[in-house]
Amino acid sequence: MRLNELAQNLTSVGQPLIPNPLPVDPDSPKNLKWLSADNKEWMLVFSDEFEKEGRTFGPGEDKNWEAVDLWYWPTRDLEWYDPHHAVTRGGRLEITLEKNESHAGLPYTSSMLQSWNKRCFQGGYLEVKVSLPGDGKKSGFWPAVWTLGNLGRAGYGATTEGLWPYTYNSCDDGVLLNQTNSALSQQPGQRLNACVCSGDHPSPGVGRGAPEIDIFEGSVNVDAGVITLSMSDQVAPFDYHYAIKKSEYTHIWNELHQPAADAPNQSRYNSYIGGTYQQSVSSLHYVDPATSTQGNFQVFGFEYRPGPKGYVRWFADGKPVWHLDARAVGPNKLSKVAQRLISEEPMYMIMNLGISSGFAYVDPTLPEKAKMYIDYIRLYQDPDNIRLSCDPEDRPTGEYIQNHPRAYYNANLTRWKDTGYGLPSYKLSNKCSPKVPNPFDKGDYLPMPSS
């Protein structure tokens, strides 16, 4: 099938904000609820329990997920992602990474499942019950469950260039090449920025991007005997020295302070805060391998409210780990940027098991096969604010994806310039008027936690 036919046939143009019925797996337990940070009872609006035996996830095979067929080159991974390495078995999703030089000379093969352009959401509490790969004693495996804005298709580099991890709705120096400071940023500039008043833009006058919020990315601290989970919000444009307003507008429960050693069920701020391609707002949470590997499951998730007054709060087994208020990434005069947003984009879900020496040391004695198991993934939202569209009126994506099939359906095009589509023009002096009011400008800040 030609690329434009794929785009026309598979893109979720006009997907309703509130599907009828809601995409809740009938195998989910009845009457599940989540108590939000502002003490409101949220309802289950999407779930996948993976109970049906033998599900596969190649193109067009599943209503929720597609397993990609590509090399994830942005992080120099050592594996090829192959749809055949993901299957449901015994009431859970099973992703297998094995040492098997099957593609392009890469030594490993694994799977990455995405709900891109199928299942998206704006706001809510997303949780996953997972058993991590290996035995937690050797470094190398890179399990992850994360989310990305629907305008960026993970692994399709042309789509993410100039969009990842922008979460910005201002017209100023923050949208420019390198933020005018190449020592701070090597980003090409925000391709779909708020200065674009007309032309090739999904919602002129609105800053658009592909922000990333991670439930977790996993690695092993061999010396401490724990698994380390980074729980992060990736943002652009950047703060000066990538320094957020940490003491005022973040909070960690059960925080470890130097020189205390890493210990299970404890957390600390991540020393990695970013580089010239991303600013990483992140904390580390430590888990005991005995409770989270080899068929033992734990639940991890994050709750968030989009917008300039929003927040993200991460959880482990239903208990809060750390909290990020939008003011932590507020205006910064030193880097000449305005408020970065808690993502307003329709976000989709990604589950993968990778391996890369760029993320963690790869022990040469790692087992040649490892599995990550997902027992379920569930999303809760405020019953008065259900938002489950990949193509919402306030942040549309459908027609833009349809109109750029070479970018969204050809993984070999790694730069936007390779697609031949060009860039929309703009001036910093532009004062654009968005066609649709921003639903996330309402409300106030959540009180900062104190314990």
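Just above sits the structure.
These numbers were taken from a predicted model, which means no experiment stands behind them. (Residues numbered from 1 in each chain as written. Predicted model: local features only at pLDDT ≥ 70, side-chain atom pairs only at ≥ 80, totals over all residues. Heavy atoms only, no water.)

Right, let's get into the overall build of the protein. Of the regular secondary structure elements, the protein holds 6 helices and 23 strands. Whereas a compact globule of 451 residues would reach a radius of gyration of roughly 22 Å, the protein reaches 21 Å, a difference of no more than 12%. With the principal axes as the frame, the protein shows a C-alpha extent of 55 × 55 × 45 Å. With 451 residues in all, the protein has 59% of them scored as buried. Considering only residue pairs separated by 6 or more positions, the protein has 73% of its internal contacts joining residues 24 or more positions apart. Taken as a whole, the protein presents about 18300 Å² of accessible surface, with 49% of it coming from carbon and sulfur. (Helix = DSSP H or I, 4+ residues; strand = E, 2+ residues; numbered from the N terminus. Rg over C-alpha atoms; globule rule 2.2 N^0.38 Å. Buried < 20%, exposed > 50% of the residue type's maximum accessible area, 1.4 Å probe, protein only. Contact = heavy atoms within 4.5 Å. Areas by Shrake-Rupley, 256 points an atom, 1.4 Å probe, with all protein chains shown as cover.)

Going through the model one piece at a time under the given rule, you end up with 3 disulfides. The disulfide that involves cysteine 120 links it to cysteine 390, with 2.0 Å between the sulfurs. The chirality of the disulfide connecting cysteine 120 with cysteine 390 is right-handed, given an S-S dihedral of about 95°. Taken together, the residues cysteine 120 in strand E10 (residues 120–121) and cysteine 390 in the loop between strand E23 (369–381) and helix H5 (398–402) connect sequence positions 270 residues apart. In this pair, the class of cysteine 120 matches that of cysteine 390, namely buried. With a sulfur-sulfur separation of 1.9 Å, cysteine 197 is cross-linked through a disulfide to cysteine 432. Handedness here is read from the sign of the S-S torsion; for cysteine 197 and cysteine 432, about -85°, the answer is left-handed. (Disulfide = S-S within 2.5 Å.)

It is worth spelling out the packing of aromatic side chains at this point. Under the criterion given, the structure shown has 18 aromatic pairs. Summarising the aromatic geometry, the rings of tyrosine 400 and tyrosine 408 are spaced 6.5 Å apart at their centres and angled 85° between planes, so their arrangement reads as edge-to-face. Per residue, the accessibility class of tyrosine 400 equals that of tyrosine 408, and both read buried. What links up through ring pairs into an aromatic cluster is the set Trp34, Tyr125, Phe315 and Tyr380. Across the ring face of tyrosine 376, the terminal group of arginine 378 is positioned such that the distance to the ring centre comes to 3.4 Å. (Phe/Tyr/Trp six-rings, centres within 6.5 Å; stacked < 30°, edge-to-face > 60°. Lys NZ or Arg CZ within 6 Å of the ring centre and 35° of its normal.)

Let's shift gears to the side chain of serine 282. Turning to its location among the elements, serine 282 is positioned in strand E18 (residues 278–287). Within polar-contact distance, the side chain of serine 282 engages the side chain of serine 232 at 2.7 Å. A polar contact of 3.0 Å, which involves the side chain of serine 282, links it to the side chain of asparagine 270. Among residues more than four places away in sequence, those in contact with serine 282 are Ser230, Met231, Ser232, Tyr269, Asn270 and Trp322. (Polar contact = N/O pair within 3.5 Å; in protein donor to acceptor, adjacent residues only side chain to side chain.)

Attention now goes to the environment of valine 235. Tracing the backbone shows valine 235 in strand E14 (residues 226–235). A C-alpha to C-alpha distance of 34 Å links valine 235 and lysine 369, two positions 134 residues apart in sequence. Contact partners of valine 235, with chain neighbours within four places excluded, come to Pro165, Thr167, Gln278, Gln279 and Val281.

Next up on the list: the side chain of asparagine 64. Topologically, asparagine 64 is positioned in the loop between strand E2 (41–48) and strand E3 (66–67). Overall, asparagine 64 belongs to the buried group, its relative accessible area being 5%. There is a polar contact of 2.7 Å between the side chain of asparagine 64 and the side chain of arginine 119. Apart from the residues lying within four places of it in its own chain, the contact partners of asparagine 64 are Phe46, Asp48, Arg55, Gln114, Ser115, Lys118 and Arg119.

Turning our attention to the environment of serine 271. Here serine 271 is to be found in the loop between strand E16 (267–269) and strand E17 (274–275). Along the chain, serine 271 and valine 281 lie 10 residues apart, while their C-alpha atoms are 9.9 Å from each other.

Next up on the list: the pattern of salt bridges. In total, this model carries 18 salt bridges according to the counting rule given. For lysine 40, the salt bridge identified is with aspartate 382, shortest N-O distance 3.0 Å. Taken as a pair, lysine 40 in the loop between strand E1 (33–35) and E2 and aspartate 382 in the loop between E23 and H5 lie far apart in primary sequence, 342 residues in all. Aspartate 384 is the partner of lysine 40 in a salt bridge, and the nearest nitrogen-oxygen pair spans 2.7 Å. Residue lysine 40 is found in the loop between E1 and E2, and its partner aspartate 384 is found in the loop between E23 and H5; the two are separated by 344 residues along the sequence. (Salt bridge = Lys/Arg side-chain N within 4 Å of Asp/Glu carboxyl O.)

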